[in-house]
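# Architecture and fold: a report
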Amino acid sequence: MDIQSIGRVLLLFGVILLVIGGLFVLLGGTGLFERIGSLPGDIRIQGSGFTCLIPIVSSLLISLILTIVLNVIIRILNRP
């Protein structure tokens, strides 16, 4: 892999991070991300002085969304 290809890949990752960051800024005020960690199926244990959160369903949801997004990106990049 030559230096020009590495530069293009780094530029692509930068653009992707910019788009994701912009989505977080735009959707941050909607309250959409406040539900993550408190979905049905997430385990929350509260005691006196501590809280333990195990976000099982939230982790599965985020994993599913990222899998779909990355598969779409890979399919777009592998077009002849």
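As the structure is a prediction and not an experimental result, all values here were calculated from the model.

What counts, and at which threshold
Residues numbered from 1 in each chain as written. Predicted model: local features only at pLDDT ≥ 70, side-chain atom pairs only at ≥ 80, totals over all residues. Heavy atoms only, no water. Helix = DSSP H or I, 4+ residues; strand = E, 2+ residues; numbered from the N terminus. Rg over C-alpha atoms; globule rule 2.2 N^0.38 Å. Buried < 20%, exposed > 50% of the residue type's maximum accessible area, 1.4 Å probe, protein only. Contact = heavy atoms within 4.5 Å.

Tallying secondary structure elements over the protein gives two helices and two strands in all. Start at the N end of the protein and walk to the C end: the helices and strands fall as α-β-β-α. Over its C-alpha atoms the protein spans a radius of gyration of 18 Å, topping by over 25% the 12 Å that the globule rule assigns to 80 residues. By principal-axis analysis of the C-alpha atoms, the protein measures approximately 55 × 25 × 20 Å. The buried share of the protein, taken over its 80 residues, is 5%.

Moving on, we come to the environment of Pro 40. For Pro 40, the position within the fold is in the loop between helix H1 (3-27) and strand E1 (43-47). Given the relative accessible area of 66%, Pro 40 is considered exposed. For the pair Pro 40 and Pro 55, spaced 15 residues apart in sequence, the C-alpha separation works out to 9.4 Å. With near-sequence residues (within four places) excluded, Pro 40 lies in contact with Arg 35 and Val 57.

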